[in-house]
Amino acid sequence: MSSVPHDQVAGHGVTEPHGHDEHAHHPTGIMRWITTTNHKDIGTLYLWFSMTMFFVGGIMALTIRAELFHPGLQIVDPEFFNGLTTLHGLVMIFGALMPGAVGFANWMIPMQIGAPDMAFARMNNWSFWLLPFAAVLLVSSMFMPGGPPGTGWTIYPPLSVENGMGMDLTIFAIHIMGASSIMGSINIITTILNLRAPGMTLMKMPLFCWAWLITAYLLIAVMPVLAGAVTMLLTDRHFGTSFFNAAGGGDPVLFQHIFWFFGHPEVYIIVLPAFGIISEIIPTFSRKPLFGYASMVYALSAIAILSFIVWAHHMFTTGLPSASILFYMYATMLIAVPTGVKVFNWLATMWKGSISLEAPMLFALGFLFLFTLGGFTGLVLAIQPIDVQFQDTYYVVAHFHYVMVAGTLFAFFGGTYYWLPKWTGHMYDEKLADWHFWGSFIFFNVAFFPMHFLGLAGMPRRIPDYAQQFTDWNMVSTVGAFGFGLSQLIFLYVVIKTIRGGEKAPAKPWDGGMTLEWTLPSPAPYHTFEHPPTVK
Amino acid sequence: MVRERMGGRSLARLAMLGVACALMAGGAAAAPPQWEWYFQEPVTTIARTIIDLHDYIFWICVVIFVGVFGTMFYALFKHRKSVGHQAAQFHENTLVEVVWTVIPFLILLFMAYPATKTVLAAHDTTAPDMTIKVTGYQWKWNYDYLDDGFSFYSNLSTPLAQIEGREPKGDNYLLEVDNPLVVPVGAKVRVLVTANDVIHAWWVPAFGVKQDAIPGFVRDTWFRADKAGVYRGQCAELCGKEHGFMPIVVEVKSKEDYAAWRDEQKKKSAAAAENPDKVWELADLVSHGQQVFNANCAACHQATGTGNQAIGAPALVGDKVVLGPKDHQIDVVLNGQNNGKMPPWKGVLSDVDIASAITYTRNSWGNKAQENVVQPSEVKTARK
């Protein structure tokens, strides 16, 4: 079973109001948000932080696209351009996508497993409040003397050793965000393993919780590795060590091995929670239980384990020996098998269902379609001889935006529309949400599909200016990017509008909803499941 | 824009062209080419194999994609709530699940086999006809003909005015250099790739060759171009602010033309090495120095000598090092300063180049240094 139908749940999710009302125990105004230990408040903070960083990173992306509209240097100089590529990547990954996923986890995991809150409520507060400080460090690195960190988000030495003090700020920001992620992960693992309602065995847990459990283990495994890598970078920069300096007996490629040992699992850290959200949405709007629940769990685990042994496919042109190229190529190709299983299971869930196409389902289908396309280009890139042509070209840029944007981000949009009624107590504006979907879907493809062509034709990535044969597709791509950016304003508007009012949402706005959160009233009361429900 | 090539690739091109046409308003063939959407014309066996491999895997993916999403769209239309479809409640089927695990695995085997053959072929650098060492610098390439004992630098030759939009852009905008790499047609060229400062990547799409240039390590790769012509590529690893401005141009010449070119280069390099003690005229130093300065120093200090404060490159106009004692400036240029922000040039530029560049800075942009001439012999002495 994919999840627990609510009619099997005995008892109430909500404590009857007896004497103390839900606002009695916490401060109001700004102090509510600074001191909160409530998983719903913290979830909201994470989600708004993610949204803010999404727009900050988006403005950087649009500046890049504006510069690339036409050959020649028009808007920014090359140093600032390199700073933009670096920070756009870091801001989107560490500022928008990862905190967004933690926001969903905070809101939904306790409600889906019948827990009253996260296991470590105060640590939860701290793991969030580290983030704004990290974000300020990161973004201010753009304006430091010596220029912005112009290395790309991969911060490869020796270039990152050469950089000005903006690089130090970036390194500290990564440290802080890493600490935040590790604390968040410990919290999520402890919550899932210890606070499940009686009767909810692991294999009855909603798939979103499974996806996050596995993600949290990945985070704990790799964030310290990244912290180690950037610390070595820091000591190379300031304390005379030579980890990555050949002249002192080090090796610049060592950094790449360590970085990608973090970096590849990181890809799945970003996408597994999205898989979880999609696995909730598709059954609900197909009105049919998730197909192959157990194989979904096994596929998630297989992807997570394989993600540790494929890192060098990011380094196919560094001059690895043939034997290791073949190993990493085969291992990478293997990931297609569990990923395929997931796609087939989602399809089989829809098959012979009773499908309706509200905004969450539209985004889930958009995810399925475009993520699979990004998966195929991933398979093409896994083939090392082909990767030799595509490495560091726009083909790679197209590929990872298909899995990060049309994959994870679309899943987050879908998840937001799916749970907004539960969070706010109001239904969102379906018509505007559909506009948001179609705007995002169409302009995403206008922006990123031509990048495949640019990569095929030989345009390197991370360049502020380009040869004239790349002009046409770059213009198309820039138009698409601005369309995509503007479409996101619809999203912001819909979310604010839904918070402020709208049609009252019932406890279960989706008739196909099968998980515990739909047994709670909408909006979900401040404290839920103070007495755990019993899951039969 | 569509170049003629043979083989089963035409179908792939047709399919991709369909997608291309759906997205674009239209494009006319002109120089430079427009709406480029497919691999550059390959001139080595490896590059051709890569394209075939890509198209083979592309087609497998297309078939799977159509199958999977055909099924999805069928379900979307037929199994809709709005058409009154009642949901079935099945949620597992072991046989089906095993089948769709095993079949993709088998398909992968069919992809892995040709891929493996290509990997092994591309890494076979044995028995080359000639060996060239390629070194990446911020931001230019050095080509060292190890068998013939001469070497030269290869700099972007697109004028700044074109980049800044003050002049119309040429056909080979950003893809042109002062001294291209020259190789004979049909020869197996082994390329040793390394870098002097940060990581670069030497990439020529038409050869199917991309190799990261890693400071302190030498990697090798190879190509055998089977058609004479000029082939253009770019640095493919972010290497700092001029990363987009260090192209690679390879001229493949007939065996005879190559031999003539090589002999001329050998003569030139012998002549340059011959007489470092010769005393140069001021005008000659300044005119050679301007070339050296613009190719090597202007990226940071600017062609106008006004520097770039954002990256800590001082203005040389009125600078006290430039106007002060020449021995100090020679030392700074040879050995660098500021923790390598000003890099050491002693391993990069010759005595003549350094003397000329220094002399140029001391006599340009209104600078009138007291000690205004630096001879190559003085640089030679300072090296010791």
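For clarity, every value in this text was computed on a predicted model and none was experimentally measured.

1. A few points about the confidence of the model for chain A
Interpretation of the predicted coordinates at a detailed level should be avoided for regions scoring low in pLDDT. Per-residue confidence for chain A gives a mean pLDDT of 94; residues scoring 70 or more make up 95%. Of the regions scoring below 50 in pLDDT, residues 1-23 of chain A engages in 52 contacts with residues more than four places distant in sequence or in other chains.

2. Structural notes on the interface of chain B and chain A
Taken residue by residue, the interface counts 87 residues in chain B and 85 residues in chain A. Looking at the side of chain B that touches chain A, the elements with two or more residues in it are α1 (9-23), α2 (45-78), α3 (94-122) and β7 (209-213) of chain B. Across the side of chain B that touches chain A, the residue classes break down as 48 nonpolar, 25 polar and 14 charged.

3. Structural notes on the domain arrangement of chain B
Once the domains are mapped, chain B shows domain 1 (9-22 + 29-78 + 89-122), domain 2 (130-160 + 172-273) and domain 3 (282-383). In this structure, domain 2 of chain B and domain 3 of chain B have C-alpha centres spaced 26 Å apart.

4. Quick look at the pairing of β7(B)
All names here are of chain B. β7 sits mainly inside the fold: five of its five residues count as buried. On β7, burial covers both faces: V209, Q211 and A213 on one face and K210 and D212 on the other are all buried. In this sheet, β7 lies alongside strand β6 (residues 200-204) in antiparallel orientation, the contact comprising five bridges. Bridging across to β7, W203 finds its partner in K210. Counting the residues that bridge the hairpin from β6 to β7 gives four residues, and of these G208 lies at a positive phi of roughly 65°.

5. Some thoughts on unusual backbone geometry
The phi torsion of most residues other than glycine is negative, and most of the peptide bonds are trans. Going from S522(A) to P523(A), the amide bond is cis rather than trans, its omega being -5°. Here P523(A) shows up in the loop between α16 (471-500) and β2 (534-535). With an omega dihedral of 0°, the bond running from Q138(B) to W139(B) counts as a cis peptide bond. In this structure, W139(B) sits in the loop between β1 (130-137) and β2 (140-145).

Basis of the calculations
- Residues numbered from 1 in each chain as written.
- Chains lettered and ligands numbered in written order.
- Predicted model: local features only at pLDDT ≥ 70, side-chain atom pairs only at ≥ 80, totals over all residues.
- pLDDT = per-residue confidence, 0-100.
- Contact = placed C-beta atoms within 7 Å.
- Helix = DSSP H or I, 4+ residues; strand = E, 2+ residues; numbered from the N terminus.
- Nonpolar A, V, L, I, M, F, W, Y, C, P; charged D, E, K, R; others polar.
- Domains from an automatic or database assignment.
- Buried ≥ 20, exposed ≤ 12 C-beta atoms within 10 Å, placed from the backbone.
- Pairing = 2+ DSSP bridges.

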